[in-house]
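Each chain is listed here by its residues.
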Amino acid sequence: MRVLSVASECAPLVKTGGLADVAGALPGALAPLGVEMRTLLPGYPAVIAALEGAEPVWAGEAPGLGAGRILSGRAAGLDLMVLEAPQHFDRAGGPYLGPDGTDWPDNPERFAALSRAAGIIVDGEGGGWQPDIVHCHDWQAGLAPYHIARAGHVVPTVMTIHNIAFQGLAPAAKLTALRIDKADFTREGVEYWGQVSALKAGLVFADHLTTVSPGYARELMTPDFGMGLDGVLRARADALSGILNGIDETVWDPATDTEIKRYRTPRGKAPNTARLRAEFGLRDAAGPLCVVVSRLTEQKGLDLLLEALPALLDRGGQLALLGAGDPGLEHAFTALAGPDVGVRIGYDEALSHRMIAGGDAILVPSRFEPCGLTQLYGLKYGTLPVVALTGGLADTVIPATPAGLARPVATGLQFHPVTAQALADALIRLCELYARPELWSKLQRNAMAHPVGWDGSAAEYAALYERLVRSR
Ligand code: ADP
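How each quantity is defined
The written sequence of each chain sets the order in which its residues are numbered from 1. Local features in a predicted model are, by the rule used here, given only for residues with pLDDT of at least 70; side-chain atom pairs are given and counted only at 80 or more, and totals for whole chains, interfaces and linings are based on all residues. Note that water and hydrogens are dropped before the side-chain values are worked out from all heavy atoms of the structure. Put simply, DSSP H or I for four residues or longer makes a helix, DSSP E for two residues or longer makes a strand, and each gets a number counted from the N terminus. The globule rule used here is 2.2 Å times the number of residues to the 0.38 power, and the radius of gyration it is set against is calculated over C-alpha atoms. Summary of the burial criterion: residues with accessible area below 20% of their type's maximum are buried, those above 50% are exposed, and those between are partly exposed, where the area comes from a 1.4 Å probe applied to protein chains only. Shrake-Rupley sampling with a 1.4 Å probe provides the accessible areas, and residues are treated as covered by the protein chains on show and by no other component. Here a residue is considered near a molecule or strand provided that any single heavy atom belonging to it is located within 4 Å of it. Polar contacts here mean pairs of N or O atoms no more than 3.5 Å apart (in protein, one a potential hydrogen donor and the other a potential acceptor; neighbouring residues in sequence count only if both atoms are side-chain atoms). The split into domains, and so the bounds of each, comes from an automatic or database assignment of domains. Contact between two residues is taken to exist if any of their heavy atoms lie within 4.5 Å; hydrogens are not considered. Note: buried area is the sum, over both parts, of the accessible area (probe 1.4 Å) each one loses when the two are combined. Throughout this description, the term salt bridge denotes a Lys or Arg side-chain nitrogen within 4 Å of a carboxyl oxygen of Asp or Glu. Each Phe, Tyr or Trp ring (for Trp, its six-membered ring) is paired with any other whose centre lies within 6.5 Å, and the angle between the two planes then decides the class: stacked below 30 degrees, edge-to-face above 60, tilted in between. A ring is scored as having a charge over it whenever the NZ atom of a lysine or the CZ atom of an arginine sits within 6 Å of its centre and within 35 degrees of its normal. For this quantity, the arc is that covered by the directions from the helix axis to the C-beta atoms. In this description, strands pair whenever DSSP reports at least two bridges between them. The convention used is that axes are lines fitted to C-alpha atoms, helices contributing only their stretch in contact, and that angles between N-to-C directions extend from 0 to 180 degrees.

(A) Highlighting the overall build of the protein chain. A tally of helices and strands in the protein chain yields 19 helices and 18 strands. For 472 residues, the compact-globule formula gives about 23 Å, and the C-alpha radius of gyration of the protein chain, at 23 Å, lands near that figure. With respect to the three principal axes, the spread of C-alpha positions in the protein chain is 65 × 45 × 45 Å. Across the 472 residues that make up the protein chain, the buried fraction comes to 58%. If you sum the accessible surface of the protein chain, you get close to 18200 Å²; carbon and sulfur atoms cover 54% of it.

(B) How the structure looks around the site of the ligand. Taken together, 18 residues form the shell around the ligand, and within it Gly-18, Arg-295, Lys-300, Gly-346 and Tyr-377 come nearest. Asp-348 is positioned with one of its backbone polar atoms (N or O) 3.1 Å from a nitrogen atom of the ligand. Between the ligand and Tyr-377 there is a distance of 2.8 Å, counted from an oxygen atom to a side-chain nitrogen or oxygen. Alone, the ligand offers 560 Å² of accessible surface; in the complex the protein occludes 92% of this.

(C) Local environment of the domain arrangement of the protein chain. Once the domains are mapped, the protein chain shows domain 1 (2-246 + 455-471) and domain 2 (266-449). Taking the mean C-alpha position of each, domain 1 and domain 2 sit 32 Å from one another. Between domain 1 and domain 2, the residue contacts involve 20 residues of the former and 17 residues of the latter. Together domain 1 and domain 2 conceal approximately 1300 Å² of surface at their shared face, both sides included; 60% is due to carbon and sulfur atoms. Put simply, domain 1 and domain 2 have one salt bridge between them. Two residues, Lys-15 and Glu-349, come together in a salt bridge whose shortest N-O distance is 3.7 Å.

(D) Expanded view of the packing of aromatic side chains. One pass over the structure, following the stated rule, counts 10 aromatic pairs. Ring centres of Trp-252 and Tyr-377 lie 3.7 Å apart, and the angle between their planes is 10°; this geometry places the pair in the stacked category. Linking Trp-252 in the loop between strand E12 (240-242) and helix H10 (270-280) with Tyr-377 in helix H14 (residues 374-380), this pair joins segments that are 125 residues apart in sequence. Note on Trp-252: relative accessible area 3%, which makes it buried. Geometrically, the ring pair formed by Tyr-263 and Tyr-381 is edge-to-face, given 6.3 Å between the ring centres and 80° between the ring planes. A residue pair is termed long-range when its members are at least 10 positions apart, and Tyr-263 in the loop between E12 and H10 and Tyr-381 in the loop between H14 and strand E17 (384-388) qualify at 118 residues. According to the relative accessible area criterion, Tyr-263 is buried, its value standing at 4%. In this structure Tyr-381 comes out as buried when scored by relative accessible area, which is 0%. Taken together, the aromatic side chains of Tyr-44, Phe-89, Tyr-96, Phe-111 and Trp-139 make up a single cluster linked through ring pairs. The ring of Trp-104 carries the charged tip of Arg-91 above its face, separated from the ring centre by 4.7 Å. The ring centre of Phe-280 lies 4.5 Å from the NZ or CZ of Arg-344, which sits over that ring.

(E) Broad picture of helix H12 (residues 327-336). Every buried residue of H12 is accounted for by Leu-329, Glu-330 and Phe-333. For H12, the arc enclosing every buried residue in end-on projection is 105°, short of the 170-degree limit, so these residues lie on one face. Turned more than 90 degrees away from the buried face of H12 sit His-331 and Ala-335, all of them exposed. Looking at the buried residues of H12, the elements they touch are strand E13 (289-296), helix H11 (302-313), strand E14 (318-325) and strand E15 (341-345).

(F) Broad picture of the pattern of salt bridges. What the rule picks out here adds up to 18 salt bridges. Two residues, Asp-106 and Arg-91, come together in a salt bridge whose shortest N-O distance is 2.5 Å. Of this pair, Asp-106 sits in the loop between helix H3 (86-89) and helix H4 (107-125) while Arg-91 is found in the loop between H3 and H4, placing the two residues 15 residues apart along the sequence. Taking relative accessible area as the criterion, Asp-106 reaches 21% and is therefore assigned partly exposed. Put simply, Arg-354 and Glu-259 hold a salt bridge, and the shortest N to O gap is 3.3 Å. You can see Arg-354 sitting in helix H13 (residues 349-358) and its partner Glu-259 sitting in the loop between E12 and H10, a full 95 residues away along the chain. You can call Arg-354 buried: its relative accessible area is 17%. In this structure, a network of salt bridges that share partners links the residues Arg-2, Glu-36 and Arg-38.

(G) Just the sheet that holds strand E10 (residues 195-197), in detail. Strands sit in the order E8-E10-E9 across an open sheet of three strands; the sheet is antiparallel. Strand pairing shows two members of the sheet lacking a second neighbour, strand E8 (169-171) and strand E9 (191-192), which therefore form its edges. As defined by bridge partners, E9 adjoins E10 across two bridges and the pair is classed as antiparallel. Bridging from a neighbouring strand, Glu-191 pairs with Val-196 of E10. Against the sheet, helix H6 (residues 198-205) contacts E9 and E10, and its axis sits at roughly 55° relative to E10.

Pasting the structure below:
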């Protein structure tokens, strides 16, 4: 089974969030199941620089892409196809934002080109490598199912929603530049309130839709979470499934993690906790050291944490936060820094490992969360997750309610509704549990035993691919 995965970011080469982790981990998780996955990526400078053994499999000019080449090669242990199109991707800055922190104005065209390249590979220009399935991630790959369907190809396409908040909107004036037929600019097609939505194109034209947790799959079909696309998703309910993300256990495992003092049991966390306190200049404390590793955005609910924090600090708890994003949140947390609150603004992969290992608990108070990865790292490292009852957070944390505590299953705390008050109540409960060392270490052991790898989910993807190919 050959699968072309189309993604705008892929760890460890280029990453802004969980999508990159998933795109980077899937090929390795699927290989033992007989799935040969190649990943089509934009030719950002970091990707081109890492590419080894690059062979051009296509060079030319195509509408909706411009001039470019598709290179086949390997980087970071991954088999890649790379769209080398300097006019789109050879720039300083991030994958989506310029150095000034605003979206590149031509993002629709840039990622339309990526999707077009997927179509070119399916057209037989993959250097002799022909995919049986094309698996597209988020709006950046949303036009690929459209191009493939409109070209009359029988290759099935899967569209995965990692976060429906990002919809790839473009003005209708860009239809030609994006190589979309005017006849498809309809409510049943790619039109979204007068604009073009690359995500909607994927949702309408892909053969199957997935999202990254069963909980988020259900939520997406409701007006509260569907962000205007809930109707489209309800119409395709039969083709929508939720497959949980896993974590890459070759990177995230306290027994092998080279960034930390390695451990196999909860007791081994102590030196990491001491080191983390020292690193953040925190004093010793009687309560739990809570960590946050997150983008600082409205979605992540960290404004609620600002309000709820006294409940933790008043009980001897502490906070160490690593994140970047909204300047208002950055300033608000920075202003709280002191002997019980440590703050690092920025993106730091190595520090994130030390925080997950050293923290007693990890806080994820998201307003919505398609899957969430940091609570899964927390489970694996015996760092108890305190999460909002939403999306993938609800699917992955077993709450320490009286029922959960009665059996050896509880792994963390959930709170609902997603308000500062409910979060404060959860933090109070966390401190109470922390004060009962035997119970606390039982919860840690439950958490560390909870499966968070890719095995189950990779098998679900493989079964889905099989089913789609067979039904053609
Ligand atoms: P999202 O994709 O919405 O940002 P996820 O929880 O799915 O949320 O994935 C976030 C990923 O990015 C995780 O791997 C997390 O560890 C990482 N991450 C987020 N912010 C930072 C940061 N400031 N420094 C290091 N890693 C971060």
